[in-house]
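Fold and geometry: a report
Now for the letters of each chain:
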Amino acid sequence: MNDHAVKPAPAPATGAAHHGASAPAQETDGFQLVIDALKLNGIDTIYGLPGIPITDLARRMQKNGMRVISFRHEQNAGYAASIAGFLTQKPGICLTVSAPGFLNGLTALAHATTNCFPMILISGSSEREVVDLQQGDYEEMDQLAIAKPVAKAAFRVLHAEDIGVGVARAIRAAVSGRPGGVYLDLPAKLFPQAMDAAAGAASLIKVVDAAPKQIPAHDAVKRAVDLLRSAKKPLIILGKGAAYAQADADIRALVERTGIPYLPMSMAKGLLPDTHEQCASAARSFVLPEADVVMLVGARLNWLLSQGKGKTWGGATAKSWGRQRFVQVDISPQEADSNVRIEAPLVGDIGSCVAAMLKEIGPDFAKPPSDWTGAIAERKAKNVAKMAETLAKNPSPMSFQSALGVVRDIVKANPDAMLVNEGANALDFTRSIVDMMKPRRRIDVGTWGIMGIGMGYCVAAAVVTGQQVIAVEGDSAFGFSGMETETICRYGLPVCIVILNNNGVYRGDEKNAGGGADPSPLVFVKDARYEKMMEAFGGVGVHVKTPDELRRAMEEAIRSRRPTLINAVIDEGGGTESGRITNLNPTAKKK
Ligand code: ADP
Ligand code: TPW
């Protein structure tokens, strides 16, 4: 047992609230100090799931005017918190109970760190003394130790007077430099600890400049601009770090003033409208191997960019480098050279880096040679025409493309709507068919290609932006978080879920390889009526088989802003295994 339950009040500090010599001594407690510390730092919403020892914390958060969004599974609350962090640049908070609740939230914490999203997982924990002697407490687990390898930072607070410091450190760790997931361990014994209210108020910290600007060095800026100037076939790649940075106007100015073609990574779509004439998405497989100088802005050369080497980049073999020379703009000084040589690393926050580049470039940057931009335009036109042909087809049952032609129109007509997207084929086709017109409207499976972000992202997107949310989901992907349809209905969120239902993982027509009675591990109940799940909770469910029916259902969902689930029946033989990343599948390679 610690003896910190009641601490003598330190001398009143400036800013201590309601403390006068003659006033009766007022007490506060750990619950209240956690709430006050979060609110003091502008955190007004939490995503979580109550239970011992944080039930009262959730209640009192709500009583104190915070928005408490309560989920059916912590993983979904965690994903919601992570994407709230991405959208707002403030750490999204996920609140869970001890051991199992903590572990359920841990995947999302790792996801936040992997994706560079600021998030804080706050979990109640059991008594330290019992945990450390492994004496078998209720939900006993050494959570701090388990969180450390997947978190950017991890802290534990044992005494009420340290709550202010603990919350401040968690916030700074989450949002400064490369953002990430932070774990904050709050043992059950902390919450009821009482202390003098004035001393408590004085112990809180309003974090000043939580994510300080990181100004790049001038010689690094000059090196980057010089390399760009030397290019005959330059290319800019915008990643989700660029979307996160909220430097939209300067990024657009840089792209337009240099005239350099650009490729948006999945969650950077819409940073400039996908219909922009410099957007090279429809000529991706042409520009990557052909480019001579590539500038990465908030994008890592990970698997999503074939590690910057191999055939995708024009390398002679799967492992060899192409002829590209790279500029990399990133806040992490350790990112450069992770896979290939980066000749011009530009370390700093993207806002500062892009502003410095604009200044260095001045008004007279020679536009890229027209044989480069012309060749790209030609490829684009060819591919766009091919796509238009496919989209115009009206097969029965629907194909991914004929259904997504509708989604494309609806998203175009609602450019402020948030688009959530997961699945394999459902992801790849949506990414290439559905144009985004505004920044940070598309949120998806991210760096891990993770299934299960769907409903958590829907909830957070609706809560944070107040906008209509459209989710395009594979039927397998939806299953990972489908129970949160109840959460969506409970909070009355304007979410329209479209399930592209092809009866299974990737596709629905696979048979048991051994010929037995069990279904293949890749298929689900045929013609499952997912829309009834939404109806079960008072939302709208629609079963559609044609593009016209899909269009009507989506239009009505957006008009009414009611929680809606549209079960769109797709040809069960329509998908390919692993979507477009079949090459990463070991067995597919052997075939
Ligand atoms: P994508 O998946 O879209 O290619 P990644 O997640 O691989 O993007 O890369 C995002 C990169 O952006 C990370 O390397 C991260 O360090 C960087 N980053 C995140 N926020 C900022 C920022 N504000 N300024 C500069 N770089 C940032
Ligand atoms: C947490 C592996 C990648 S894609 C996918 C799985 C299970 C589902 C594909 O089927 P879906 O989409 O959603 O019906 P479609 O359009 O191709 O039919 N577990 C986790 N993450 C991943 N990525 C997987 C498993 C996977």
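Note that this is a predicted model, so its numbers are computed, not measured.

Some words on the site of ligand 1
Around ligand 1, the structure places 20 residues, and the nearest of them are Arg 178, Lys 240, Arg 300, Asp 330 and Ile 350. Separating an oxygen atom of ligand 1 from a backbone N or O atom of Gly 298 is a distance of 3.4 Å. Between a nitrogen atom of ligand 1 and a main-chain N or O atom of Ile 350, the distance comes to 2.9 Å. Per-element accounting of the shell around ligand 1 gives the leading share, three residues, to helix 10 (residues 240–244).

Details of the pairing of strand 8 (residues 181–187)
Within strand 8, seven of the seven residues are buried, which leaves the element mostly enclosed by the surrounding structure. Side-chain alternation along strand 8 places Gly 181, Tyr 183, Asp 185 and Pro 187 on one buried face and Val 182, Leu 184 and Leu 186 on a second face that is also buried. Taken together, the seven bridges between strand 6 (residues 119–125) and strand 8 define a ladder with parallel strand orientation. Bridge pairing in strand 8 places Met 119 opposite Gly 181. Pairing analysis gives four bridges linking strand 7 (residues 153–156) to strand 8, with the strands arranged parallel. Bridge pairing links Ala 153 to Val 182 in strand 8. Handedness of the crossover is the feature at issue here: the chain leaves strand 7, passes through helix 7 (residues 163–175), returns alongside strand 8, and the resulting connection is right-handed.

Some words on the nonpolar core
Core analysis: the largest hydrophobic core is formed by 88 residues, its most contacted members being Tyr 47, Ile 443 and Ile 497. Here Tyr 47 is in contact with Ile 69, Phe 71, Ala 77, Ala 80, Ala 81, Ala 84, Ile 93, Cys 94, Leu 95, Ala 460, Val 463 and Val 464, once residues within four sequence places are set aside. If you look at the next biggest cluster of nonpolar residues, it comprises 41 residues, including Val 34, Ile 43, Ala 153 and Ala 199.

What to know about the sheet that holds strand 5 (residues 92–96)
Taken in spatial order, the six strands make up an open sheet running 4-3-5-6-8-7, and their pairing is parallel. Here the strands that pair on one side only, and so sit at the sheet edges, are strand 4 (67–70) and strand 7. When the angles between neighbouring strand axes are averaged without regard to direction, this sheet yields 20°. Sitting on the sheet, helix 7 is in contact with strand 6, strand 7 and strand 8, with an inclination near 165° to strand 8. The strands touched by helix 17 (residues 454–465) within the sheet are strand 3 (45–48) and strand 4, with strand 3 carrying the most contacts at an inclination of about 170°.

What to know about the confidence of the model for the protein
Confidence in the prediction of the protein, expressed as mean pLDDT, is 95, and 95% of residues score 70 or more. Considering only residues more than four positions removed or in separate chains, one finds that residues 1–20, a stretch of pLDDT under 50, has 27 contacts.

Topic: the side chain of Gln 328
By the element assignment, Gln 328 lies in strand 13 (residues 325–330). Excluding anything up to four places from it in sequence, Gln 328 contacts Leu 296, Ala 299, Arg 300, Leu 301, Glu 335, Ala 336, Ile 342, Ala 344, Pro 345 and Leu 346.

Overview of the site of ligand 2
Close to ligand 2 lie 16 residues; Asn 425, Ala 426, Gly 449, Asp 475 and Ala 477 are nearest. For ligand 2, an oxygen atom lies 2.9 Å from a polar atom in the backbone of Asn 425. If you list the elements that add at least two residues to the shell around ligand 2, you get helix 16 (425–433) and helix 18 (475–479). Considering only residue class, the shell around ligand 2 consists of eight nonpolar, seven polar and one charged.

Topic: the sheet that holds strand 15 (residues 418–422)
In spatial order, the strands read 16-15-17-18-20-19; together these six strands make up an open sheet with parallel pairing. Sheet topology places strand 16 (442–444) and strand 19 (540–544) at the edges, where each strand pairs with a single neighbour. Each strand of the sheet is rotated relative to its neighbour by a mean of 15°, with strand direction disregarded. Direction of pairing for strand 18 (residues 495–501) relative to strand 20 (residues 564–569): parallel, over a ladder of six bridges. Paired with Ile 497 across the strands is Leu 565, a residue of strand 20. Contacts from helix 15 (residues 400–413) reach strand 15, strand 17 (469–474) and strand 18 within the one sheet, and its direction differs from that of strand 17 by about 170°.

Re the environment of Ala 58
Looking at where Ala 58 falls in the secondary structure, it is placed in helix 2 (residues 55–63). In this structure Ala 58 comes out as buried when scored by relative accessible area, which is 12%. Taking the C-alpha atoms as reference, Ala 58 lies 9.8 Å from Thr 96; in sequence the two are 38 residues apart.

Focus: the packing of helix 3 (residues 74–88) against helix 4 (residues 99–115)
Here helix 3 crosses helix 4 at 30°, and the two axes come no closer than 7 Å. Taken as axis vectors, helix 3 and helix 4 run roughly parallel relative to one another. Remark: the crossing between helix 3 and helix 4 carries right-handed chirality. Across from Glu 74, Gln 75, Gly 78, Tyr 79 and Ser 82 in helix 3, the residues of helix 4 making contact are Gly 101, Asn 104, Gly 105, Thr 107, Ala 108, His 111 and Ala 112. Counted by class, the contact of helix 3 with helix 4 contains three nonpolar, eight polar and one charged residues.

Brief notes about unusual backbone geometry
Following Ile 52, the chain continues into Pro 53 via a peptide bond in cis, with omega recorded as 5°. Residue placement: Pro 53 occurs in the loop between strand 3 and helix 2. Phi at Asn 503 is positive, roughly 70°, even though this residue is not glycine. Relative to the assigned elements, Asn 503 resides in the loop between strand 18 and helix 20 (531–536). Its identity is not glycine, yet Ser 578 carries a phi of approximately 65°, on the positive side. Of note, Ser 578 is situated in the loop between strand 20 and helix 22 (586–590).

Here we look at the pattern of salt bridges
Counted under the stated rule, the structure contains 24 salt bridges. Where Asp 29 meets Arg 60, a salt bridge forms, and the shortest distance between an N and an O atom there is 2.9 Å. Of this pair, Asp 29 sits in strand 2 (residues 27–29) while Arg 60 sits in helix 2, placing them 31 residues apart in sequence. With relative accessibility at 16%, the residue Asp 29 sits in the buried group. Arg 60 sits in the partly exposed class, given a relative accessible area of 24%. Of the charged contacts in the structure, one is a salt bridge between Glu 335 and Arg 178, with a shortest N-O distance of 2.8 Å. Of the two residues, Glu 335 is situated in the loop between strand 13 and strand 14 (344–347) and Arg 178 in the loop between helix 7 and strand 8; the sequence distance between them amounts to 157 residues. Judged by relative accessible area, Arg 178 falls into the partly exposed class, the value being 26%. Through salt bridges with shared partners, one network takes in Arg 72, Glu 486 and Arg 490.

How each quantity is defined
Residues numbered from 1 in each chain as written. Chains lettered and ligands numbered in written order. Predicted model: local features only at pLDDT ≥ 70, side-chain atom pairs only at ≥ 80, totals over all residues. Heavy atoms only, no water. Near = heavy atom within 4 Å. Polar contact = N/O pair within 3.5 Å; in protein donor to acceptor, adjacent residues only side chain to side chain. Helix = DSSP H or I, 4+ residues; strand = E, 2+ residues; numbered from the N terminus. Buried < 20%, exposed > 50% of the residue type's maximum accessible area, 1.4 Å probe, protein only. Pairing = 2+ DSSP bridges. Right-handed = clockwise from strand over helix to strand, strands pointing away. Core = buried A, V, L, I, M, F, W, Y, C linked by side-chain atoms within 4.5 Å. Contact = heavy atoms within 4.5 Å. Axes fitted to C-alpha atoms, helices over the stretch in contact; angles between N-to-C directions. pLDDT = per-residue confidence, 0-100. Nonpolar A, V, L, I, M, F, W, Y, C, P; charged D, E, K, R; others polar. Parallel < 35°, antiparallel > 145°, perpendicular 65-115°, else oblique. Left-handed = near helix turned anticlockwise from the far one by under 90°. Salt bridge = Lys/Arg side-chain N within 4 Å of Asp/Glu carboxyl O.

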